[in-house]
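Spelled out from the first residue to the last, the chains are:
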Amino acid sequence: MSNATLPPLPSADRPDVAARLREALLAASFTADGLLELLGAPAYAALARSETVPALRATRGDTPLETLVRLFLLQQPVPHARVAEFLPVRACVDAGWLVPTGADEVAAAVDVRPYGGPGGEDWFIVSDLGCAVGGAGGIGSKDEGVVLGVGGASTTLAGITVRRPVSAALDLGAGSGIQALHAAQHATRVTATDLNPRALHSTALTLALSGAPAADLRQGSLFEPVRDDETYDLIVSNPPFVISPGARLTYRDGGMGGDDLCRSLVQGAGERLNDGGFAQFLANWQHVEGEDWQDRLRSWVPRGCDAWIVQREVQDVTQYAELWLRDAGDHRGDPAEYQAHYDAWLDEFEARKVKAVGFGWITLRKTAAAEPVITVEEWSYAVEQPLGDTVVAHFERLDYLRAHDDAALLAGRFRLGTEVVQEQVGLPGAEDPEHVVLRQHRGMRRATKVDTVGAGFAGVCDGSLSAGRILDAIAQLVGEDPVSLRDRTPAQIRLLVEQGFLEPAE
């Protein structure tokens, strides 16, 4: 289904109506906090899974908030006279936010989802009806130009993005505008692009209804709408990264073969970043027979950029195909058609010798260093969002390590990272542990094995003594040659610094 057959969106040229609607929604406590209080945690969580029955049961009353939930989140017609008591109904109908229906009722033209900003802001994400969180739960999920709301990928990217004041930010593939909305809080100028004009329209509505500054909206694929002389301090993208046999759904299928879209996006970002600028993406990548997936991703990194790539999940090709077939609702349709789609996915993977698909985060930072550092790792465990400050700290530690050879490292002073604990693992009653684990309780929540020297070294790092002096004391304590200890320990110190267990105290 094309955009021409989808219902019309509200006017993006009526900021006065959006401002009045926003004021009315806030007055009725139609906010993320207000929803949680009204619905309770189970029904609120069910809404995020596109399950509406618990919310319908929780909104059988007649309060303004209950009425708004039924109207904008559950897409139920509500009495015109009732909603007119707390919404500017005539203006909302004229601007296209509401649509008159039979029996003196009005219905919502779009899904309006309250969303809490990181600083306690009350925002609203505008998407197509029934598609607030996307996937098979959305009534329009099979429509080519449908615009989805906020899902797990959107919030993940928003959480890992570096948040610092910048002059210019670029959101590629803006969708319903969530990344542009976040960027507008700390960027002087925000440019948002999307191949789908309906998505740009939704972004404009999201920004207006959230009380955020307007963005420079441009239609086109990837970097096409960006002029050659334009550069940015921040580039973010939650692209249509799904590796699929064809481009059935604009919001998820990039239309390029395999993982070429994600590769093109990453490779094209380097020349459009200002010095010190960050580019942050979510992506899928192929695990190809006979090829190291880490080498594949290293080859994507553009010249002049440090990179931190984290693989969060891997699925075999059958799991991956089933995930996205369910996303499109194909499992609810004709079984023969479902099988044909499934076969097409497997044929595509077989032709490309793909055995699995990885998902994760890619962060680039433009650097003037002669030898950029590319870190590719797998970390599937729970992390603590938001991670923007953790991302900045990671690259600052890279700068420190790059500028310090082993001699300088031993002359440096370090502190133990925030909320790092030590665990000793071994048999009960054993005199010595089998191994020692350092574990972070913040940020990436890493865990790493260390030897007794590494554990002892980390335990006394409070910024007062140089690394070399600490190692000399440990050597005397354990009866080891201090020169030998100084020679073999810097590599372990570097790893502990790189992963954030130790922080430079200088």
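This one's a predicted model, so the numbers in the text were calculated from it and none came from an experiment. (Residues numbered from 1 in each chain as written. Predicted model: local features only at pLDDT ≥ 70, side-chain atom pairs only at ≥ 80, totals over all residues. Heavy atoms only, no water.)

Turning next to the overall build of the protein. On a plain count of helices and strands, the protein comes out with 20 helices and 19 strands. What you see for the protein is a C-alpha radius of gyration of 26 Å, in line with the 23 Å of a compact globule of 506 residues. Summarising its shape, the C-alpha atoms of the protein cover approximately 90 × 55 × 50 Å along the three principal directions. Each of the 506 residues in the protein was classed as buried or not, and the buried ones make up 52%. Across the protein, every contact between residues at least 6 apart in sequence was considered, and the portion connecting residues at least 24 apart equals 69%. By element, 50% of the accessible surface of the protein is carried by carbon and sulfur atoms, the whole surface being about 22,300 Å². (Helix = DSSP H or I, 4+ residues; strand = E, 2+ residues; numbered from the N terminus. Rg over C-alpha atoms; globule rule 2.2 N^0.38 Å. Buried < 20%, exposed > 50% of the residue type's maximum accessible area, 1.4 Å probe, protein only. Contact = heavy atoms within 4.5 Å. Areas by Shrake-Rupley, 256 points an atom, 1.4 Å probe, with all protein chains shown as cover.)

For the rest of this paragraph, the subject is the pattern of salt bridges. The full count for this structure, using the stated rule, is 26 salt bridges. Among the ionic pairs, Arg82 bridges to Asp62, the shortest N-O distance being 3.5 Å. Of this pair, Arg82 sits in helix 6 (residues 80-83) while Asp62 sits in the loop between helix 4 (53-58) and helix 5 (64-73), and the two are 20 residues apart along the sequence. Residue classification places Arg82 among the buried residues on the basis of a relative accessible area of 16%. Its salt-bridge partner being Arg486, residue Asp472 comes within 2.9 Å of it at the nearest N-O pair. Of this pair, Asp472 sits in helix 18 (residues 467-478) while Arg486 sits in helix 19 (residues 482-488), and the two are 14 residues apart along the sequence. Residue classification places Arg486 among the partly exposed positions, given a relative accessible area of 29%. Salt bridges sharing common partners tie together Asp216, Arg218, Arg227, Asp229 and Glu230. (Salt bridge = Lys/Arg side-chain N within 4 Å of Asp/Glu carboxyl O.)

A few words now on the sheet that holds strand 3 (residues 105-108). Reading across from one edge, 1-3-2 is the order of the 3 strands in this open sheet, with antiparallel pairing throughout. Taken across any chain shown, the strands that pair with only one partner, and hence form the sheet edges, are strand 1 (78-79) and strand 2 (98-101). Summarising the sheet, strand 1 and strand 3 pair through 2 bridges and their orientation is antiparallel. Among the inter-strand pairings, Pro79 is bridged to a residue of strand 3, identified as Glu105. Strand contacts of helix 5: strand 1, strand 2 and strand 3, with the helix running at about 60° to strand 3, the strand carrying the most contacts. (Pairing = 2+ DSSP bridges. Axes fitted to C-alpha atoms, helices over the stretch in contact; angles between N-to-C directions.)

Val453, Gly454, Ala455, Phe457 and Ala458 are the residues of helix 17 (residues 452-459) that are buried. For helix 17, the capping residue at the N-terminal end is Asp451, with a side-chain oxygen 3.1 Å from the backbone nitrogen of Val453. (Polar contact = N/O pair within 3.5 Å; in protein donor to acceptor, adjacent residues only side chain to side chain.)

What you see with strand 17 (residues 447-450) is a clean split: Thr448 and Val450 sit on the buried side and Ala447 and Lys449 on the side with no burial. By the bridge criterion, 4 bridges tie strand 16 (residues 435-440) to strand 17 in an arrangement that is antiparallel. Across the sheet, Val436 pairs through a bridge with Val450, a residue of strand 17. In this antiparallel pair of consecutive strands, strand 16 and strand 17, the connection spans 6 residues, and Gly443 shows a positive phi of 60°.

The next point concerns the side chain of Gln280. For Gln280, the position within the fold is in strand 10 (residues 273-288). In this structure Gln280 comes out as buried when scored by relative accessible area, which is 0%. Polar side-chain contacts of Gln280 include one of 3.5 Å to the side chain of Thr363. If we skip the residues at most four places from it in the chain, Gln280 touches Leu157, Ile160, Thr161, Val162, Leu234, Ile235, Val236, Ser237, Ile362, Thr363 and Val391.

This next bit is on the packing of aromatic side chains. Two measures describe an aromatic ring pair: the distance that separates the ring centres and the angle between the ring planes. What the rule picks out here adds up to 12 aromatic pairs. Centroid distance Tyr115 to Trp123: 6.1 Å. Interplanar angle 10°. Geometry classified as stacked. Classification of Tyr115 by relative accessible area gives buried; the value is 14%. Between Tyr400 and Phe414 the ring centres are 6.0 Å apart and the planes differ by 85°, which places this aromatic pair in the edge-to-face class. Within this pair, whereas Tyr400 is found in helix 15 (residues 388-403), its partner Phe414 is found in strand 14 (residues 413-416), the two being separated by 14 residues in sequence. For Phe414, a relative accessible area of 1% gives the class buried. Feature note: the residues Tyr320, Trp324, Trp345 and Phe349 constitute an aromatic cluster, connected by ring pairs. (Phe/Tyr/Trp six-rings, centres within 6.5 Å; stacked < 30°, edge-to-face > 60°.)

In this section: the state of the cysteines. Taken as a whole and assessed by the stated rule, the structure comprises 0 disulfides. Here Cys305 is not cross-linked by a disulfide; its sulfur's nearest cysteine counterpart is in Cys262, at 17 Å. Taking relative accessible area as the criterion, Cys305 reaches 2% and is therefore assigned buried. (Disulfide = S-S within 2.5 Å.)

Our next topic: the environment of Leu410. Mapped onto the fold, Leu410 is located in helix 16 (residues 406-411). Its relative accessible area of 11% is what places Leu410 among the buried residues. In this structure, the C-alpha to C-alpha distance between Leu410 and Arg442, residues 32 residues apart in sequence, is 27 Å. The contacts of Leu410, once residues within four sequence positions are left out, are Ser466, Ala467, Gly468, Leu471, Arg486, Pro490 and Ile493.

Core analysis: the biggest nonpolar cluster contains 79 residues, and Ile235, Phe281, Ile362 and Leu364 have the highest contact counts within it. Setting aside chain neighbours within four positions, we find Leu364 in contact with Val266, Ala269, Gly277, Phe278, Ala279, Phe281, Val301, Pro302, Cys305, Asp306 and Ala307. By size, the runner-up hydrophobic cluster in this structure holds 38 residues, among which are Val17, Ala18, Leu68 and Leu71. (Core = buried A, V, L, I, M, F, W, Y, C linked by side-chain atoms within 4.5 Å.)

Looking now at the confidence of the model for the protein. One rule of thumb: low pLDDT means the predicted coordinates there are not for detailed reading. Residue-level pLDDT values for the protein average 93, and 95% of them are 70 or greater. Here residues 134-141 scores under 50 on pLDDT; set against residues more than four positions off or in separate chains, the count is 28 contacts. (pLDDT = per-residue confidence, 0-100.)

It is worth spelling out the sheet that holds strand 8 (residues 216-219) at this point. Taken together, 8 strands build an open sheet; the order of strands is 8-7-6-9-10-12-11-13 and the sheet is mixed. Each of the sheet's edge strands pairs with one partner strand only, and the pair in question is strand 8 and strand 13 (374-378). For this sheet, the mean angle separating the axes of adjacent strands, direction not counted, is 20°.

Quick look at the pairing of strand 14 now. As defined by bridge partners, strand 14 adjoins strand 18 (residues 462-466) across 2 bridges and the pair is classed as antiparallel. Paired with Arg415 across the bridge in strand 18 is Asp462. Where strand 14 and strand 19 (residues 502-504) come together, 3 bridges link them in antiparallel fashion. Considered in strand 19, the bridge of Arg415 is made with Glu503.

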